[in-house]
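Below are the chains, spelled out letter by letter.
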Amino acid sequence: EKEVQQIKDDFTSMIVHELRSPLDSIKKMIESMRSVEMKKDQQGEYLQMIYGSSSDMLELVNNLLDMAKIEAGKFDLKKQPSNIKDIIKSRILFFDIAARDAKIELSSQLAKDLPDKADFDPHTVSQVLNNLISNALKFNRENGSIIIQGLLYKSGESLAEKAKEAGINWFIKNDSFDIPNSLFIAVTNTGQGISPDQIDKLFNKFFQVKSAFAEKGGTGLGLAITKSIIESHGGIVGAESTYGEGATFYFTLPI
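Residues numbered from 1 in each chain as written. Predicted model: local features only at pLDDT ≥ 70, side-chain atom pairs only at ≥ 80, totals over all residues. Heavy atoms only, no water.

### Describing the overall build of the protein chain
Short version of the rule: Helix and strand labels come from DSSP, where a helix needs a run of H or I of at least four residues and a strand needs a run of E of at least two; each type is numbered from the N terminus. Atoms considered for the radius of gyration are the C-alpha atoms alone. The globule rule reads 2.2 Å times the number of residues to the power 0.38. For each residue, the accessible area found with a 1.4 Å probe, counting protein chains only, is set against the maximum for its type, and the residue is called buried under 20%, exposed over 50%, and partly exposed in between. For accessible areas, the Shrake-Rupley method is used with a probe of radius 1.4 Å. Any residue's cover is judged against the shown protein chains and nothing else.
Helices and strands together make up the secondary structure of the protein chain, namely seven helices and seven strands. Reading the protein chain from its N terminus to its C terminus gives the helix and strand order α-α-β-α-β-β-α-β-α-β-α-α-β-β. By the compact-globule yardstick of 18 Å for 255 residues, the protein chain fits well, its C-alpha radius of gyration being 20 Å. The principal-axis extents of the C-alpha atoms in the protein chain amount to approximately 65 × 50 × 40 Å. Residue burial in the protein chain is summarised as follows: out of 255 residues, 43% are buried. For the protein chain, the exposed area adds up to about 14,600 Å²; of that, 51% sits on carbon and sulfur atoms.

Now the structure itself:
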């Protein structure tokens with residue numbers, strides 16, 4: 001009970017910090033814009049900073065609302081025939097500027113037999129990829145890389161062989177999974193990696209990896225939401241890592 005209460009207290013403090021910091025920045029920037037004659041390029045820079053801060057707050061609020069829906073059993077999926085390759089391509093385009101600003105290469109490795117159509121909710125799967133790519137950017141290193149990988153996994157096959165055939169390099173060591181025929185999607189990064197004692201806790205609500213990057217912030221909700229979305233599809237999520245070299249986060253979508 002003490003541990004649960006501590007988690008609640010820490011979470012409340014974190015939410016206050018995550019909202020107060022960008023709100024304070026927005027307030028100060030608007031005050032400066034009102035009181036000082038600014039050049040157009042300076043105004044543009046301030047407006048971009050205000051946009052970024054407000055976007056961070058909106059993401060936080062959306063994550064809290066999504067978690068509330070999940071816990072209330074009101075998180076509805078809208079499955080429809082969708083193209084995972086198009087979604088991956090759109091996410092790469094979406095994060096392209098952020099990746100270039102961070103000096104990180106963002107690319108994909110997709111197997112040739114990855115189908116054009118499969119039944120899943122394209123909106124929530126895009127949200128899953130957003131969470132995984134965003135984390136990979138946040139915890140990567142300069143001049144590192146992020147690769148979005150995808151293949152068609154058939155029950156009983158060797159995952160290592162399938163990955164080798166597709167030219168996919170990742171940190172997954174498990175050779176087979178007890179799952180039905182599925183899309184197998186992964187996001188591999190070249191960051192610091194995750195220590196073995198923390199891998200199993202990653203998808204717990206409010207958990208944040210204790211590392212040199214702890215000061216990066218965040219709610220610890222993104223991976224918990226990711227887990228709920230994928231399990232609602234009947235799939236699995238997981239992560240494997242080589243500490244000091246990088247990590248691979250993966251999920252499956254049964255077809």
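### Considerations on the confidence of the model for the protein chain
To keep it simple, the criterion reads: Confidence of the prediction at every residue is given by pLDDT, a number between 0 and 100. Any two residues whose heavy atoms approach within 4.5 Å at even a single point are treated as in contact.
Predicted confidence across the protein chain gives a mean pLDDT of 85, with 94% of residues reaching 70 or more. Low pLDDT, under 50, characterises residues 209-215; the predicted model gives this stretch eight contacts beyond four residues in sequence or across chains.

### Examining unusual backbone geometry
The phi dihedral of Lys-103 falls on the positive side, at around 60°, and the residue is not glycine. Position of Lys-103 relative to the elements: it lies in the loop between α3 (84-101) and β2 (105-110). If you check the backbone angles, Asn-143 has positive phi at about 65° while not being a glycine. Secondary-structure assignment places Asn-143 in the loop between α4 (122-138) and β4 (145-153). By relative accessible area, which is 58% here, Asn-143 ends up exposed.

### Digging into the nonpolar core
To be explicit about the condition: Buried Ala, Val, Leu, Ile, Met, Phe, Trp, Tyr and Cys residues form a nonpolar core when they are joined through side-chain atoms within 4.5 Å.
Ranked by internal contacts, the top residues of the largest apolar core, which has 46 residues, are Ile-84, Phe-120, Leu-129, Leu-183, Leu-202, Phe-249 and Phe-251. Ranked by the residues each element gives to this core, the list is headed by α4, at seven residues. Residues within four places of Phe-120 in sequence aside, it is in contact with Lys-78, Lys-79, Gln-80, Ser-82, Asn-83, Ile-84, Ile-87, Val-125, Leu-183, His-233 and Leu-253.

### Focus: the pattern of salt bridges
Operational definition: Salt bridges are counted wherever a side-chain nitrogen of Lys or Arg sits within 4 Å of a carboxyl oxygen of Asp or Glu.
In total, this model carries six salt bridges according to the counting rule given. When the shortest N-O distance is used, the salt bridge between Arg-100 and Asp-96 registers 2.8 Å. Taken together, the residues span about one helical turn, with Arg-100 and Asp-96 both in helix α3 at a distance of four residues. The exposure class of Arg-100 is exposed, given its relative accessible area of 55%. One salt bridge connects Lys-162 with Asp-113, and the closest N-O pair in it is separated by 2.8 Å. In this pair, Lys-162 is assigned in helix α5 (residues 159-166) and Asp-113 in the loop between β2 and β3 (118-120), connecting sequence segments 49 residues apart. Judged by its relative accessible area of 11%, Lys-162 falls in the buried class.

### Focus on the packing of helix α2 (residues 40-71) against helix α7 (residues 222-232)
The condition that has to hold: Comment: axis = line fitted to C-alpha atoms, over the contacting stretch for helices; angle = value between 0 and 180 degrees taken between N-to-C directions. Should an angle fall under 35 degrees it is taken as roughly parallel, and over 145 as roughly antiparallel, whereas 65 to 115 is taken as roughly perpendicular and any remaining angle as oblique. In a left-handed crossing the near helix is turned counterclockwise from the far helix by less than a right angle, and in a right-handed crossing that turn is clockwise. Residues are grouped as follows: Ala, Val, Leu, Ile, Met, Phe, Trp, Tyr, Cys and Pro are nonpolar; Asp, Glu, Lys and Arg are charged; all remaining types, including Gly, are polar.
Running from amino to carboxyl end, α2 crosses α7 at an angle of 40°, the nearest separation of the two axes being 10 Å. If you check the angle between α2 and α7, you find them oblique. The element α2 and its partner α7 pack so that their crossing is left-handed. Contacts between α2 and α7 involve Asn-63, Asp-66, Met-67 and Ile-70 from the former and Ala-224, Ile-225 and Ser-228 from the latter. Looking at the contact of α2 with α7 residue by residue, the classes come out as four nonpolar, two polar and one charged.

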